[in-house]
Amino acid sequence: MTARDLNGAARNELKTLSKDNAEQVARHLAMAARLMDEDPALAHEHALAASRSAGRIAVVRETVAITAYAVGDFALALRELRTFRRISGRDDQIALMVDSERGVGRPDRALEVGRAVDRASLPTEVRVELAIAMSGARLDLGEPERALQELDIPELDPDTAYPWSPGLFAARAAVLEELGRDDEAAQWQQRADVAAAALGEIDADSETIEIDEIDEIETDGPAEIDETETDEPAGDVASGQEDGPGERA
């Protein structure tokens, strides 16, 4: 594992460090990204090691926050996310902040945090993740109808699959199930499964495959994919991009 294993955007943030320190920190961040799915606890240890040497670097604090969330330390995740936001001036991880507030048992505060940002200024993926997190906070408060309203966003297109579609469809399915609308829930869950399968079949290594059209899904059969289009690959954990919180709603 070398510094070159870390994505370029994250490496650029380390240029204020000495050469040796930047190399060591980059290696820890790259390991954190590599281990996130298979061993989040070890990934968190690497993130903490990076923070001990580069605590004033935004991507380092962001990685600590993401790995802290992954191991269930929501209080630490919140502290690190606030620091990341203060250093970077970015709202890239606003959905994770909302979910972390939920994790420490403050769904009301989670909604306040989510409402405080200008959603129109957010990248599409972040805006979708925020809607899912806000919906989850509504469920925490026992407000399933309002949880469903949080998901009524322009990106909820049942006939087209984008990288954010599986999580968004699955979140809607979960809310519909909570409302007792089981048939609709099953249909949206199948849409989520078909979208995820389609994206994975086209290119398992890309997070930005766009499926132009998914035929209307019947609950007793699979959908057919008509057309596909590819974009550039997205970033990884250490670049500030992480799996959306769709499964946490």
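Peer 1: What should I look at first to understand the packing of helix α2 (residues 19-35) against helix α3 (residues 40-53) in this one?
Peer 2: Between two packed helices, the angle of one axis relative to the other and the distance separating the axes together describe the packing. Two elements in contact, α2 and α3, have axes separated by 8 Å at closest approach and are oriented at 160°. The orientation of α2 relative to α3 falls into the category roughly antiparallel. In the packing of α2 onto α3, the handedness of the crossing is left-handed. Across from Asn21, Val25, His28, Leu29, Met31, Ala32 and Leu35 in α2, the residues of α3 making contact are Pro40, Leu42, Ala43, His46, Ala47, Ala49, Ala50 and Ser53. When its residues are assigned to classes, the contact of α2 with α3 shows eleven nonpolar, four polar and no charged.

Peer 1: Would you mind showing me how to read α3 here?
Peer 2: Three or four residues apart is the spacing at which side chains of an α-helix point the same way, because the helix has 3.6 residues per turn. Under the 1.5 Å per step criterion, the end-to-end length of α3 is 20 Å for 14 residues, consistent within 8% with the ideal 20 Å. Here α3 has its buried residues at Ala43, His44, His46, Ala47, Ala49, Ala50 and Ser51. Buried residues along α3 sit against α2, α4 (58-70) and α5 (74-88).

Peer 1: Explain the side chain of Arg61 to me, please; I cannot follow it from the model alone.
Peer 2: Structurally, Arg61 is set in helix α4. Engagement of the side chain of Arg61 in a polar contact is seen with the backbone oxygen of Gly55, the distance being 2.7 Å. In contact with Arg61, other than residues within four places in its own chain, are Gly55, Glu80, Thr83, Phe84 and Ile87.

Peer 1: It is not clear to me how the packing of aromatic side chains should be interpreted in this structure. Could you clarify?
Peer 2: Each aromatic ring pair is specified by the distance between its two centres and by the angle formed by the two planes. All chains considered together, the criterion is met by three aromatic pairs. A centroid spacing of 4.9 Å and a plane angle of 10° characterise the contact between Tyr162 and Trp164, whose relative ring orientation is stacked. Sitting over the ring of Trp188, Arg191 keeps its end group 4.5 Å from the ring centre.

Peer 1: I would appreciate a short explanation of the side chain of His28 in the present structure.
Peer 2: Examined against the element boundaries, His28 turns out to sit in helix α2. Given the relative accessible area of 17%, His28 is considered buried. Contacts of His28, omitting those with residues within four sequence positions, involve His46, Ala49 and Ala50.

Peer 1: So what exactly am I meant to see when it comes to the environment of Ala185 here?
Peer 2: Within the secondary structure layout, Ala185 lies in helix α11 (residues 182-202). C-alpha separation for the pair Ala185 and Ala171, spaced 14 residues apart in sequence, amounts to 9.6 Å. Those residues within four positions of Ala185 in sequence are excluded, and the remaining contacts are Ala173, Leu176 and Glu177.

Peer 1: Looking at this structure, I do not really get a negative patch on the surface. What am I missing?
Peer 2: On the surface, a cluster of negative charge is contributed by Glu177, Glu178, Asp182 and Asp183. Those elements that provide at least two residues to the negative patch are α10 (165-178) and α11. Of note, Asp182 is situated in helix α11.

Peer 1: Can you walk me through the nonpolar core in this structure?
Peer 2: For soluble globular proteins, the rule of thumb is that nonpolar side chains tend to be buried together. Of all hydrophobic cores here, the largest spans 27 residues; its most connected members are Ile94, Val98, Leu122 and Leu130. Those elements that provide at least two residues to this core are α2, α4, α5, α6 (94-103), α7 (107-115) and α8 (124-140). Excluding residues that lie within four positions of it along the chain, Leu130 makes contacts with Ile94, Ala95, Val98, Gly114, Val117, Arg119 and Leu122.

Peer 1: Before we go on, may I ask you to explain the pattern of salt bridges in this structure?
Peer 2: Two side chains of opposite charge can pair, provided their charged atoms sit close to one another. Taken as a whole and assessed by the stated rule, the structure comprises 15 salt bridges. A salt bridge links Arg61 to Glu80; the nearest nitrogen and oxygen atoms lie 2.6 Å apart. Taken together, the residues span a long stretch of sequence, with Arg61 in helix α4 and Glu80 in helix α5 at a distance of 19 residues. A salt bridge links Asp91 to Arg85; the nearest nitrogen and oxygen atoms lie 2.7 Å apart. On the basis of relative accessible area, Arg85 is assigned to the partly exposed category, the value being 28%. Residues joined in a network through salt bridges with shared partners are Arg82, Glu101, Arg106, Arg109 and Glu112.

Scoring rules and cut-offs
Residues numbered from 1 in each chain as written. Predicted model: local features only at pLDDT ≥ 70, side-chain atom pairs only at ≥ 80, totals over all residues. Heavy atoms only, no water. Axes fitted to C-alpha atoms, helices over the stretch in contact; angles between N-to-C directions. Helix = DSSP H or I, 4+ residues; strand = E, 2+ residues; numbered from the N terminus. Parallel < 35°, antiparallel > 145°, perpendicular 65-115°, else oblique. Left-handed = near helix turned anticlockwise from the far one by under 90°. Contact = heavy atoms within 4.5 Å. Nonpolar A, V, L, I, M, F, W, Y, C, P; charged D, E, K, R; others polar. Expected span 1.5 Å × (residues − 1). Buried < 20%, exposed > 50% of the residue type's maximum accessible area, 1.4 Å probe, protein only. Polar contact = N/O pair within 3.5 Å; in protein donor to acceptor, adjacent residues only side chain to side chain. Phe/Tyr/Trp six-rings, centres within 6.5 Å; stacked < 30°, edge-to-face > 60°. Lys NZ or Arg CZ within 6 Å of the ring centre and 35° of its normal. Patch = residues over 30% accessible without salt bridge, like charges linked within 9 Å, V, L, I, M, F, W, Y side chains within 5 Å. Areas by Shrake-Rupley, 256 points an atom, 1.4 Å probe, with all protein chains shown as cover. Salt bridge = Lys/Arg side-chain N within 4 Å of Asp/Glu carboxyl O. Lys, Arg positive; Asp, Glu negative; His and termini not counted. Charge placed at Lys NZ, Arg CZ, Asp CG, Glu CD. Core = buried A, V, L, I, M, F, W, Y, C linked by side-chain atoms within 4.5 Å.

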